[in-house]
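So you can see what is in the structure, the chains are spelled out below.
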Amino acid sequence: MNYLLKNGQLLVDERLQAQDVLVVDGKIAAIGADLEATTATVIDLHGDFISPGLVDLHVHLRDPGQTYKETIKTGSQAAAHGGFTFVGAMPNLTPVPDNAAQIQKMVVRNQAEAVIRIGQYATITEQRTAGKLVDFPALKAAGAFAFSNDGSGIQDADTMYQAMRAAKAVNLPLAAHVEDDSLLHGGVMNAGAKADELGLPGISNVVETAQLARDLVLAQATGVHYHVCHVSTAESVQMIRLAKQAGVQVTCEVTPHHLLLSDRDIPADQGNYKMNPPLRSEHDRQALIAGLIDGTIDCIATDHAPHGTDEKQQSMRQAPFGIVGSETAFSLLFTNFVKTRIFTLAQLINWLSYRPAQLFNLPTSGQLKSGQPADLAIFDLKHRYQITADSLYSKGKNTPFIDNQVYGETVYTLVAGQIVYQRGGTTK
Ligand SMILES: NC(=O)N[C@@H](CC(=O)O)C(=O)O
Ligand SMILES: [Zn+2]
Ligand SMILES: [Zn+2]
């Protein structure tokens with residue numbers, strides 16, 4: 001099917017301009033004012049915003065292993081609903097993609113079962129948490145997109161050092177969940193006044209920063225592309241800023257929830273406010289926003305982490321870490337940062353699309369250009385709506401943002417010129 005998207009608005013030199021987009025044979029055939037075509041289905045966008053498809057370097061699809069929480073299909077539908085056309089899928093799965101056969105299997109399944117494009121992370125060590133390194137060249141050859149032990153930090157310095165050398169040798173990014181277990185002391189939320197008030201054990205900033213400091217030194221020594229997952233503290237931002245100045249090949253991501261909330265927004269001991277890293281202080285949150293704006297933080301990634309409703313209805317002491325994010329990222333960020341003029345729309349789209357694509361070498365994502373695959377997200381920036389659990393395609397309804405009023409509803413998502421999400425369209 002070919003489409004002529006009429007009456008859209010596109011970012012041209014960072015400003016919205018009325019334009020049409022013609023999609024032929026899965027590619028962008030033309031962009032311009034008053035396009036005409038005889039063989040394409042015309043869709044009138046009534047002034048909606050046409051964005052390059054969003055790119056999320058960090059999601060959890062839970063399949064295989066915990067398909068009651070999510071599947072490749074539902075997680076990809078959730079991503080499509082959020083305007084994402086590419087996601088990086090983390091390897092905390094059972095069986096673990098720590099060998100070539102399993103990565104090959106995942107690549108085939110992702111392609112067959114997802115409605116969008118998926119990059120599959122392989123683990124860094126066997127069984128994800130064991131000490132023995134995976135076979136980096138074999139995993140790359142089998143289709144791994146990058147390496148990560150997300151969910152756990154690498155506790156041993158030499159293991160990380162050798163992993164970085166191996167990732168450098170195969171020229172793929174190593175994405176680190178930085179968390180020093182010895183400093184954790186069973187914490188479940190950010191250490192500070194709020195944790196004291198709620199009587200809950202705290203997670204201090206050094207749980208993240210101590211391991212990050214070690215890794216930055218190792219990254220400098222090895223020259224690896226070291227990508228820091230879900231940066232959460234002011235000290236992390238400052239260390240990464242200095243490391244970049246010193247020429248270290250470090251990049252990093254921040255989540256929407258760490259930009260939007262701090263621990264003082266936690267109303268009570270509720271499982272939907274529990275995630276790793278935890279919501280930090282207002283000082284940390286402001287440092288994350290400043291870090292994005294000055295380029296220290298490279299991109300935004302959701303860390304979409306679906307869990308069962310029963311599990312998350314427990315106290316933070318028992319609930320698993322993580323919240324869903326694919327379906328709310330754009331609208332929450334647009335409403336709270338673009339409409340309030342803290343970010344421009346062009347900045348937000350850069351952090352959600354072009355920049356992450358560039359970082360992980362996905363040359364065909366993140367840009368609206370003739371000849372590129374038609375991976376597009378179309379958002380309605382004018383109509384206000386409410387986030388509801390029912391509207392989520394994800395099996396996980398675990399987000400503290402239910403009932404928020406937002407702008408920026410997804411109207412269509414196209415991958416390779418095919419509609420994979422349509423507002424009010426397909427059934428779940
Ligand atoms: N972020 C989370 O709180 N949880 C993630 C793991 C992770 O991203 O570290 C999960 O897999 O549930
Ligand atoms: Zn993590
Ligand atoms: Zn994660």
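Please read all numbers here as calculations on a predicted model, not as lab measurements.

Participant: Lay out the coordination of the zinc ion (ligand 3) in plain terms, naming residues and giving numbers.
Facilitator: Only His58 (NE2), His60 (NE2), Asp150 (OD) and Asp303 (OD) from the protein coordinate the zinc ion (ligand 3), and they sit 2.0 to 2.2 Å from it. Read in sequence order, the donor residues for the zinc ion (ligand 3) give the motif H-x1-H-x89-D-x152-D.

Participant: Could you give an account of the domain arrangement of the protein, naming the residues involved and the relevant values?
Facilitator: In terms of domains, the protein is made up of domain 1 (3–49 + 373–422) and domain 2 (54–359). Measuring from the centre of the C-alpha atoms in domain 1 to the corresponding centre in domain 2 gives 26 Å. With 35 residues of domain 1 at the interface, the matching set in domain 2 holds 43 residues. It is Lys395, Asn398 and Phe401 that lose the most area in domain 1 upon contact with domain 2, and together they represent 23% of the buried surface on that side. Residue Arg117 pairs with Asp375 through a salt bridge whose shortest N-O separation is 2.7 Å.

Participant: Before we move on, can you summarise the UniProt feature "binding site: Zn(2+) 1" (unreviewed entry) in the protein with the specific residues and values?
Facilitator: Listed under "binding site: Zn(2+) 1" (unreviewed entry) in the UniProt record, and renumbered for this structure, are His58, His60, Asp150 and Asp303. For this annotated set, covering 246 residues, all C-alpha atoms fall within 9.9 Å of each other, a compact arrangement in space. Looking at the secondary structure, you find His60 in the loop between strand E6 (54–59) and helix H1 (72–81). A distance of 2.8 Å separates a polar atom in the side chain of His60 from a polar atom in the side chain of Asn92. With respect to the helices, strands and loops of the structure, Asp303 is situated in the loop between strand E15 (299–300) and helix H10 (309–312). Given a relative accessible area of 8%, Asp303 falls into the buried group.

Participant: Tell me about the packing of aromatic side chains, and name the residues and values.
Facilitator: How two aromatic rings sit relative to each other is given by the distance of their centres and the angle of their planes. Enumeration over the complete set of coordinates arrives at eleven aromatic pairs. Between the aromatic rings of Phe136 and Phe147, the centroid separation amounts to 4.3 Å while the plane-to-plane angle is 40°, which identifies the pairing as tilted. Taken together, the positions of Phe136 in helix H3 (residues 136–141) and Phe147 in strand E9 (residues 146–148) put the pair eleven residues apart, joining distant regions of the chain. Taking the relative accessible area as the measure of exposure, Phe147 reaches 0% and is therefore buried. Aromatic side chains Phe330 and Phe334 sit 5.8 Å apart centroid to centroid with 15° between the ring planes, which places their arrangement in the stacked category. One end of the pair is Phe330 and the other is Phe334, both in helix H11 (residues 329–338) and four residues apart, which spans about a single turn. The same class applies to Phe330 as to Phe334, namely buried. The ring centre of Tyr407 lies 4.3 Å from the NZ or CZ of Lys339, which sits over that ring.

Participant: Lay out the coordination of the zinc ion (ligand 2) with the relevant residues and their values.
Facilitator: Taken together, the protein donors to the zinc ion (ligand 2) comprise Asp150 (OD), His177 (ND1) and His230 (NE2), at separations of 2.0 to 2.1 Å. A separation of 3.7 Å is found between the zinc ion (ligand 2) and the zinc ion (ligand 3), which are bridged by Asp150. In this pair, His177 sits in the loop between strand E10 (174–176) and strand E11 (189–190) while His230 sits in the loop between strand E13 (226–228) and helix H7 (234–245), placing the two residues 53 residues apart along the sequence. Neither residue differs from the other here; His177 and His230 are each classed as buried.

Participant: Kindly report on the packing of H11 against helix H12 (residues 345–359), identifying the contributing residues and their values.
Facilitator: In the contact formed by H11 and H12, the axes pass within 10 Å of each other and the chain directions differ by 145°. Every pair of crossing elements has a handedness; the one defined by H11 and H12 is right-handed. Across the interface between the two elements, Phe330, Leu333, Phe334 and Val338 of H11 pack against Leu345, Leu348, Ile349 and Leu352 of H12. Grouping the constituent residues of the contact of H11 with H12 by class yields eight nonpolar, no polar and no charged.

Participant: Break down H11 for me, citing the residues and quoting the values.
Facilitator: Because an α-helix packs 3.6 residues into every turn, residues spaced three or four apart end up facing the same way. The buried fraction of H11 is high, at nine of ten residues. Among the residues making up H11, those that are buried are Ala329, Phe330, Ser331, Leu332, Leu333, Phe334, Thr335, Phe337 and Val338.

Participant: Run through unusual backbone geometry, naming residues and quoting values.
Facilitator: That bond from Asp63 to Pro64 is cis: its omega, 10°, falls within 30 degrees of zero. With an omega dihedral of 0°, the bond running from Thr94 to Pro95 counts as a cis peptide bond. Considering the arrangement of structural elements, one finds Pro95 in the loop between strand E7 (84–89) and helix H2 (100–113). One non-glycine residue, Asp303, lies in positive phi territory at about 55°.

Conventions we followed
- Residues numbered from 1 in each chain as written.
- Chains lettered and ligands numbered in written order.
- Predicted model: local features only at pLDDT ≥ 70, side-chain atom pairs only at ≥ 80, totals over all residues.
- Heavy atoms only, no water.
- Donors = N, O, S within 2.8 Å, 3.2 Å for Na, K, Ca; no water.
- Domains from an automatic or database assignment.
- Contact = heavy atoms within 4.5 Å.
- Buried area = accessible area lost by both parts, 1.4 Å probe.
- Salt bridge = Lys/Arg side-chain N within 4 Å of Asp/Glu carboxyl O.
- UniProt positions renumbered as here; feature names shortened; annotations may be inferred.
- Helix = DSSP H or I, 4+ residues; strand = E, 2+ residues; numbered from the N terminus.
- Polar contact = N/O pair within 3.5 Å; in protein donor to acceptor, adjacent residues only side chain to side chain.
- Buried < 20%, exposed > 50% of the residue type's maximum accessible area, 1.4 Å probe, protein only.
- Phe/Tyr/Trp six-rings, centres within 6.5 Å; stacked < 30°, edge-to-face > 60°.
- Lys NZ or Arg CZ within 6 Å of the ring centre and 35° of its normal.
- Axes fitted to C-alpha atoms, helices over the stretch in contact; angles between N-to-C directions.
- Left-handed = near helix turned anticlockwise from the far one by under 90°.
- Nonpolar A, V, L, I, M, F, W, Y, C, P; charged D, E, K, R; others polar.

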